[in-house]
Amino acid sequence: MYATKDTKWNADYDVLVLGFGGAGGNAARFAADAGAHVLLVDAAPFGHEGGNTRYSAQHVAMATDYAKINKYFKRLAAPFQIPEKMMDVYTDGIYHMTDMFKEHFGIDAFVWSRDVKPGDILDEKEHMAEYPEYEGSEAFDFALVHNRDFDAEFWKTIRKTVLDRKEQIDVWLNSRASHLLQDPETGAVVGAVVNRNHKDYYIHARNGVVLATGGFENNPVMQQNYLHITKLTPFGSLYNRGDGVTMAEEVGAKLWHMSNYESLGVVPSYTFQEEEGQRGRQIGHWKLLYNGSIFAIADDGSRFMKEDAKFRHGHIYEHGDYLMPHAYDNAWLVFDQKQYDRFVAEKEQTGQLRYPKFLDKTISAASSQELAEKMGVPADKLAETIKTFNAFAESGRDAEFGREAAGMEAFASGQLYAIKLAPAVLNTQGGPERNEKGEILDANDQVIPHLYGAGELGGICANRYQGGGNLAECLIFGKISGTNAASVKDDAQAVSLTKPVPAVNDLVDGERMDNIELGENQYLGSTEAGIGGKIVVRVTYKDEKIEDVEVLESHETEGIGAVAIKELPAKIVAANSTEIDAVSGASTTTRALEEAVNKAIEQAK
Ligand SMILES: Cc1cc2nc3c(=O)[nH]c(=O)nc-3n(C[C@H](O)[C@H](O)[C@H](O)COP(=O)(O)OP(=O)(O)OC[C@H]3O[C@@H](n4cnc5c(N)ncnc54)[C@H](O)[C@@H]3O)c2cc1C
């Protein structure tokens with residue numbers, strides 16, 4: 001979308017960062033440290049910002065030797081080409097990762113190979129590298145912020161650096177960017193359109209825009225176009241919908257690594273199917289799923305993988321390389337009564353299965369014919385698959401996939417069971433290509449002025465993935481892109497504002513709400529529906545009586561909505577109801593305040 005002289009700008013910043021995950025958070029922080037006034041926006045509401053970074057294992061790639069790690073990462077990418085300078089900057093960042101932790105976060109990194117001791121929560125590993133057979137892999141290690149993982153601690157560290165800079169960084173949550181705004185003559189990206197409270201705001205950025213909106217883990221159409229997959233179930237954020245890809249395309253960016261994604265799974269790259277809009281569950285090493293009278297089938301009722309394969313971010317060994325198993329639409333785990341009884345026994349022993357919904361989600365049938373009908377797979381093929389599996393189990397050799405013979409047990413006659421699987425994704429890697437300065441390139445390899453990228457959107461990983469590489473990239477390119485976006489540009493322009501938005505920091509406000517004290521019979525309510533966005537109230541409510549309404553936060557227009565905010569609480573208390581007449585000229589504010597009060601009262605009931 002072009003910015004013209006008629007564009008009505010609502011806010012003007014030095015730097016605009018789109019996406020508040022690890023990459024965007026770090027970019028905003030370093031832009032602020034370079035002197036910029038920054039707006040950081042995220043599509044998710046308070047408490048859900050942080051994207052995949054929040055849900056990640058929190059493992060960050062680090063290395064003990066530059067030459068070796070450079071060689072290792074080149075080998076991971078081979079035979080694909082990554083521009084030399086790009087690879088050098090990335091691996092140099094990995095080599096200096098513990099310095100980054102210390103210098104910029106004040107943290108002495110917990111180094112996996114050095115600091116994990118027997119009996120710790122984290123397991124000792126035989127190899128740190130995922131591809132230990134490659135040259136240079138011995139230099140690879142993981143840096144963590146402390147001695148635990150999967151606890152969002154790395155994310156919280158980045159989030160805190162943003163909160164600590166609240167004078168320089170405004171944060172808008174629940175605010176989804178939809179278009180980049182480009183100067184029609186120079187092609188420079190001078191801002192973006194951000195939708196907040198159902199209204200589009202035109203945000204001007206004088207020196208740079210950083211695209212860090214994560215991947216397309218929740219965009220089935222992009223998955224169909226780029227990955228040849230109908231739909232993936234995300235393990236991480238539900239808000240990464242490929243918007244950054246679309247926005248980048250709109251300004252002519254070149255896309256790369258679009259066909260690359262990572263996974264884990266209960267069996268390689270699959271998890272249990274969830275209801276629409278739910279995150280998938282990652283459960284590692286649950287032996288009952290691939291050991292015993294149980295196997296996985298695809299759409300045609302036949303087995304399609306070595307269920308017990310050791311996988312590398314979902315990729316399994318195939319003809320000399322590691323590849324993702326095909327993502328089938330109708331995959332299932334099928335098992336017999338003996339195996340079902342083992343799940344029941346495990347539940348009795350442990351109190352709860354590792355996937356608590358497992359038994360509820362299991363379907364059963366008295367025959368393979370009936371089970372096949374329930375699953376929607378060809379019955380004759382399923383019967384044949386059971387027969388073949390039994391023959392392999394009895395002969396002690398899985399001639400099809402090479403599954404461990406000791407872990408295969410023939411099906412007994414009797415009741416059969418199945419549970420639906422779904423192909424799963426940790427993160428995609430594709431997006432706009434960037435160079436070693438974090439600048440996004442166009443289709444002719446020319447820099448798109450003022451546009452930068454960071455994180456998994458257009459990540460460096462072209463081929464095989466090494467765990468820890470994505471978070472490292474958030475730190476390395478977050479810093480580079482944030483700093484470069486903040487550098488004052490010769491063609492930077494000031495703009496005049498129309499209907500300027502009041503300064504808001506949803507992160508600070510959200511934190512404040514988390515810290516609000518509540519006395520007896522007091523309840524909090526909030527809404528985003530005010531003219532200025534958020535309104536927070538504390539309501540004292542007892543025996544069906546509204547005793548007090550305090551407005552703790554509001555950003556309504558001075559002289560109009562702000563007047564209503566002053567008058568309405570007393571009216572609501574007097575009427576003991578939120579059904580009151582709107583203050584003249586401030587009906588939106590009135591309705592929003594009513595909504596916030598109603599939400600508080602609902603909690604009392
Ligand atoms: C379960 C899990 C475990 C993982 N473990 C590791 C690990 O240990 N080590 C590792 O290196 N990698 C790991 N990864 C991958 C890694 O977490 C991600 O690749 C990385 O966090 C991506 O960071 P990001 O900032 O680029 O994107 P994200 O952290 O996903 O942030 C993107 C943000 O952009 C926002 N957004 C999206 N669209 C818009 C829009 N239109 N406007 C505004 N905002 C928008 C989203 O709400 C989101 O908050 C893991 C991933 C998962 C899911």
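Residues numbered from 1 in each chain as written. Predicted model: local features only at pLDDT ≥ 70, side-chain atom pairs only at ≥ 80, totals over all residues. Heavy atoms only, no water.

**A few points about the overall build of the chain**
For the chain, the count of helices and strands is 17 helices and 26 strands. Here the C-alpha radius of gyration of the chain, 27 Å, is about what a compact globule of 605 residues would show, namely 25 Å. Taken over the C-alpha atoms alone, the chain extends approximately 85 × 65 × 45 Å along its principal axes. Here the chain holds 605 residues, and 57% of them are scored as buried. Of the contacts formed within the chain by residues at least 6 apart in sequence, a portion of 72% connects residues at least 24 apart. With an accessible surface of roughly 25,700 Å², the chain has 47% of that area assigned to carbon and sulfur atoms. (Helix = DSSP H or I, 4+ residues; strand = E, 2+ residues; numbered from the N terminus. Rg over C-alpha atoms; globule rule 2.2 N^0.38 Å. Buried < 20%, exposed > 50% of the residue type's maximum accessible area, 1.4 Å probe, protein only. Contact = heavy atoms within 4.5 Å. Areas by Shrake-Rupley, 256 points an atom, 1.4 Å probe, with all protein chains shown as cover.)

**Quick notes on the pattern of salt bridges**
If you walk through the whole model with that rule in mind, you get 36 salt bridges. Between R114 and D115 there is a salt bridge whose closest N-O contact spans 2.8 Å. When its relative accessible area of 52% is taken as the criterion, R114 is described as exposed. The buried category is assigned to D115, whose relative accessible area is 19%. Across the pair K254 and E433 runs a salt bridge whose closest N-O atoms are separated by 3.5 Å. (Salt bridge = Lys/Arg side-chain N within 4 Å of Asp/Glu carboxyl O.)

**Considerations on the domain arrangement of the chain**
We note that the domain assignment places domain 1 (1-56 + 152-262 + 426-459 + 475-496), domain 2 (59-149), domain 3 (270-424) and domain 4 (516-604) within the chain. Centre-to-centre separation of domain 1 and domain 3, based on C-alpha positions: 40 Å. Both faces combined, the contact of domain 1 with domain 3 buries some 1,400 Å², and carbon together with sulfur accounts for 60% of it. It is T233, F235 and Y261 in domain 1 that bury the most area against domain 3; as a group they hold 43% of the surface buried on that side. Put simply, domain 1 and domain 3 have zero salt bridges between them. Here domain 1 is connected to domain 3 by five residue pairs in polar contact (both at pLDDT 80 or more). (Domains from an automatic or database assignment. Buried area = accessible area lost by both parts, 1.4 Å probe. Polar contact = N/O pair within 3.5 Å; in protein donor to acceptor, adjacent residues only side chain to side chain.)

**Section: unusual backbone geometry**
A cis amide bond links A78 with the next residue in sequence, P79, at an omega value of 5°. Here P79 lies in the loop between α3 (66-77) and α4 (84-95). A positive phi angle is found at N197, which is not glycine, with a value near 50°. Along the chain, N197 falls in the loop between β8 (189-196) and β9 (199-211). Residue N197 is classed as partly exposed on the basis of its relative accessible area, which comes to 24%. The phi dihedral of S269 is positive, around 70°, even though this residue is not glycine. Along the chain, S269 turns up in the loop between β12 (261-262) and β13 (270-272).

**Brief notes about the packing of helix α12 (residues 368-375) against helix α13 (residues 379-395)**
A packed helix pair is summarised by two numbers, namely the angle formed by the two axes and the spacing between the axes. The N-to-C vectors of α12 and α13 enclose an angle of 125°; their axes lie 8 Å apart at closest approach. It follows that α12 is oblique to α13 by the angle criterion. The element α12 and its partner α13 pack so that their crossing is right-handed. Residue-level inspection shows S368, Q369, L371, A372 and M375 of α12 in contact with α13, the latter providing A379, L382, A383 and I386. Here the contact of α12 with α13 is built from residues that sort into seven nonpolar, two polar and no charged. (Axes fitted to C-alpha atoms, helices over the stretch in contact; angles between N-to-C directions. Parallel < 35°, antiparallel > 145°, perpendicular 65-115°, else oblique. Left-handed = near helix turned anticlockwise from the far one by under 90°. Nonpolar A, V, L, I, M, F, W, Y, C, P; charged D, E, K, R; others polar.)

**Quick look at the site of the ligand**
What surrounds the ligand is a group of 38 residues, the closest being D42, T53, D243, E456 and L471. For the ligand, an oxygen atom lies 2.6 Å from a polar atom in the side chain of D42. Between the ligand and the protein, one listed contact pairs a nitrogen atom with a side-chain N or O atom of D243 at 2.7 Å. Protein coverage of the free-state accessible area of the ligand, which is 1,000 Å², stands at 98%. Elements that contribute at least two residues to the shell around the ligand include exactly α1 (22-33), α2 (51-55), β7 (175-182) and α14 (469-486). For the shell around the ligand, a count of residues per class yields 14 nonpolar, 20 polar and four charged. (Near = heavy atom within 4 Å.)

**Re the sheet that holds strand β5 (residues 140-144)**
What the three strands build is an open sheet, ordered β3-β5-β4; its pairing is antiparallel. The two strands at the open ends of the sheet, each matched to only one other strand, are β3 (60-63) and β4 (110-111). Packing of helix α5 (residues 97-105) onto the sheet brings it into contact with β3, β4 and β5, and relative to β3 it is tilted by some 115°. (Pairing = 2+ DSSP bridges.)

**Observations concerning the packing of aromatic side chains**
On inspection of all chains with the given rule, the structure shows 27 aromatic pairs. Among the aromatic side chains, those forming a connected cluster through ring pairs are F272, W286, F335, Y340, F343, Y355, F358 and Y417. Above the plane of the ring of Y55 lies R279, whose end atom (NZ or CZ) is 3.7 Å from the centre. (Phe/Tyr/Trp six-rings, centres within 6.5 Å; stacked < 30°, edge-to-face > 60°. Lys NZ or Arg CZ within 6 Å of the ring centre and 35° of its normal.)

**Brief notes about the packing of α1 against α5**
With their axes 14 Å apart at the nearest point, α1 and α5 run at an angle of 55° to one another. Relative to α5, α1 is oriented oblique. For the pair α1 and α5, the sense of crossing is left-handed. Here α1 contributes N26, R29 and F30 to the contact with α5, which in turn contributes M100, H104 and F105. Tallied by class, the residues present in the contact of α1 with α5 amount to three nonpolar, two polar and one charged.

**Examining the pairing of β5**
In terms of residue burial, β5 counts as a mostly covered element, since five of its five residues are buried. Here β5 shows two buried faces, one formed by F140, F142 and L144 and the other by D141 and A143. Here β3 runs beside β5; their pairing, made up of four bridges, is antiparallel. Residue V60 lies in a different strand from β5, and its bridge partner there is A143. Judged from the two bridges that link them, β4 and β5 form a sheet pairing that is antiparallel. Bridge pairing in β5 links V111 to A143.

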